[in-house]
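# Observations on the model geometry
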Amino acid sequence: MWPLDPYRKEVLRFAIRCRVLTLMLQTVVLLSISLVSSPGDGALCQAFFNAIIPDHHAEAFSPPRLAPSGCVDQLVEGLLGGLSRWDAEHFLFIAEHGYLYEHNFAFFPGFPLALLVGTELLRPLRGLLNQRSCLLISVASLNSLFSILAAVALHDLGCLVLHCPRQAFYAALLFCLSPANVFLAAGYSEALFAFLTFSSMGQLERGRGWISGLLFALATGVRSNGLVSVGFLLHSQCRGFFSSLVVSNPLRQFFKLVASVCLSFLTLSLPFALFQYYAYTQFCLSGSARSIREPLVQLAMDKGYRIAEGNEPPWCSWDLPLIYSYIQDVYWNVGFLRYYEFKQVPNFLLAAPVAILVSWATWTYVTTHPWLCLTLGLRRNKNSKTLEKSSLGFLSPQVFVYLVHAVSLLLFGGLCMHIQVLTRLLGSSTPVMYWFPAYLLQDQEPLLRSPEVVPWMPLVEDSPSGQKVLRNSVMGLLYNWKTCSPVTRYILGYFLTYWLLGLLLHCNFLPWT
């Protein structure tokens, strides 16, 4: 039993409420779009909603529906169809048909495999639901589960790293209101990736390197940026190496370090390598291609999608034939500074808040611990014990490697990726995005400088007489919005605005990807 069990219970309770609310709001937005786009009376109402949610026809991947659709399927599509926008359609297609088109290999197999497991659990309902409906239900249920587990994992990780229960608690609550919330609910891989990443970080903090490495490898099979997580294993091994030099043979410890580093690289890169090899067998080796149904072949011809039975793609002749690099270059135009165009200014503005947040966190930490940062977190000054005792929470020395991870993702995403992806990239990968706002809330919000129990909330009815019960601090701040500090308003305003805007825009194929 964890000593901070009440915190975990409240995180779990709040995460469940946020997941349910997200799905409900998504359904309301989707039904509103369907109603205003259908012919009939109410021209004034339709004009009003079109002004709020304008019709938008995006050139997104939209494969044909091959399975017959019944009344129940249409109901599921009407309620959960908003979860299949943009990249989610790729994941659903891969789960249903496999990797048929070349550009499908931009999406890693971890999440589609999880969806297939979910559809197998719905096998008794196959008489009522077609495959797509089962996949949509799997998306809604599994991503809700993964998001809830990720919130709990983030709380546990915060307790281990921050050594400040309240900041860990606030950070987990903020994750439930993440600016990337719509992607944690929709058919994207972010929720599963966040759960695996936060869990693997927690296992590493507990000294369970093998379990951590396995979870990191699974995360790499879900999203490519999981490869960056090898830095956590390397930093942990280097710390162990320097701490053992005093009592052990240096040469022996050096060879042990080299072996551990090589093993870490092999473990985390294995899912990526196997995925690239599978693509090579499909497109570059004769006789390995799968049969494709005629409507899907016709779609490839109409849209110019490359299938395995066509001409051999140019990447097959590369010295290192990596389909992932080719797809990102040709299909998505991902590369150094390629997105720096005047027409992309709105997307840069969308990504500005998260970039400012991580940059602010970096400046705060580096100016507080310059020597720690100069020594890469491996060596501390003479007053290291005093430093550990005085610098709890976000300023803890253990946060250094997490900050480096966040900055690496920020730089790579800001310079080489589609900039609007930055919010969900950081929101599902680094705990710094939640630890630093939690630190600001505790440091600069007078309403949170009170005892552990929020004073403005009444006691629950079923509690023993006179016993104080832990309350949700973030909800308390929302109830007292007018008396909150400006920093609190900016943080909660940013989180809630992006949550609601994401639901509103993403469901209508507007550029919130």
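The notes below deal with the structure included here. Since the structure is predicted, the reported quantities are computational estimates derived from the model, not experimental observations.

Rules and cut-offs
Residues numbered from 1 in each chain as written. Predicted model: local features only at pLDDT ≥ 70, side-chain atom pairs only at ≥ 80, totals over all residues. Heavy atoms only, no water. Helix = DSSP H or I, 4+ residues; strand = E, 2+ residues; numbered from the N terminus. Buried < 20%, exposed > 50% of the residue type's maximum accessible area, 1.4 Å probe, protein only. Contact = heavy atoms within 4.5 Å. Areas by Shrake-Rupley, 256 points an atom, 1.4 Å probe, with all protein chains shown as cover. Axes fitted to C-alpha atoms, helices over the stretch in contact; angles between N-to-C directions. Left-handed = near helix turned anticlockwise from the far one by under 90°. Salt bridge = Lys/Arg side-chain N within 4 Å of Asp/Glu carboxyl O. Phe/Tyr/Trp six-rings, centres within 6.5 Å; stacked < 30°, edge-to-face > 60°. Lys NZ or Arg CZ within 6 Å of the ring centre and 35° of its normal. Core = buried A, V, L, I, M, F, W, Y, C linked by side-chain atoms within 4.5 Å.

The helix and strand tally for the chain stands at 22 helices and zero strands. Here the chain holds 513 residues, and 52% of them are scored as buried. By sequence separation, contacts in the chain at least 24 residues apart represent 75% of the contacts at least 6 residues apart. Accessible surface, the chain: about 24200 Å² in total, of which carbon and sulfur atoms supply 65%.

Time to look at the environment of Trp481. Tracing the sequence through the fold places Trp481 in the loop between α21 (473–479) and α22 (486–506). Accessibility expressed as a relative area gives 32% for Trp481, which makes it partly exposed. Sequence separation between Trp481 and Leu492 is 11 residues, and the spatial gap between their C-alpha atoms is 9.5 Å. The residues contacting Trp481, other than those within four sequence positions of it, are Arg489, Leu492 and Gly493.

When two helices pack together, their arrangement is given by the angle between the helix axes and the distance between those axes. Closest axis-to-axis distance for the helix α15 (residues 345–368)/helix α18 (residues 400–416) pair is 10 Å, and the angle between their directions is 145°. Crossing of α15 over α18 shows left-handed handedness. Contacts between α15 and α18 involve Ala355, Val358, Ser359, Ala361, Thr362 and Tyr365 from the former and Phe400, Leu403, Ala406, Val407 and Leu410 from the latter.

This model, assessed by the stated rule, comprises 12 salt bridges. Glu190 serves as the salt-bridge partner of Arg223, at 3.0 Å between the closest nitrogen and oxygen. Within this pair, whereas Arg223 is found in the loop between α10 (209–220) and α11 (230–244), its partner Glu190 is found in helix α9 (residues 190–205), the two being separated by 33 residues in sequence. Residues Arg223 and Glu190 agree in their burial class; the two are buried. One salt bridge in this structure joins Glu341 and Lys343, with 3.8 Å as the shortest N-O distance. Residue Lys343 is classed as exposed on the basis of its relative accessible area, which comes to 62%. Each of Arg65, Glu77, Glu89 and Arg132 takes part in salt bridges that share partners, so that together they form one network.

The tally for this structure, following the rule as stated, stands at 40 aromatic pairs. Look at Tyr101 and Tyr305: their rings are 5.2 Å apart centre to centre, the planes differ by 45°, and that puts the pair in the tilted class. In this pair, Tyr101 is assigned in the loop between α4 (87–97) and α5 (110–121) and Tyr305 in the loop between α13 (294–303) and α14 (323–330), connecting sequence segments 204 residues apart. Relative to Tyr188, the ring of Phe183 has its centre 5.1 Å away and its plane inclined at 65°; by these criteria the two rings are edge-to-face. Each of the two residues, Phe183 as well as Tyr188, counts as buried. Grouped by ring-pair contacts, the aromatic residues Tyr99, Phe105, Phe108, Phe272, Phe275, Tyr278, Phe283, Trp315 and Tyr324 constitute a single cluster. A cation sits over an aromatic face here: Arg424 above Phe183, 5.3 Å from the ring centre.

With that out of the way, let us pick up the nonpolar core. Membership of the largest hydrophobic core comes to 131 residues, with the highest contact counts inside it found for Phe175, Tyr365, Phe394, Tyr402 and Trp435. Ranked by residues supplied to this core, first place goes to helix α6 (residues 131–162) with 16 residues. Trp435 has contacts with Leu154, Leu157, Gly158, Val161, Leu162, Gln167, Ala171, Phe394, Val399 and Tyr402, leaving out every residue within four places of it along the chain. With 11 residues, the next largest nonpolar core counts Leu100, Ile292, Tyr305 and Ile307 among its residues.

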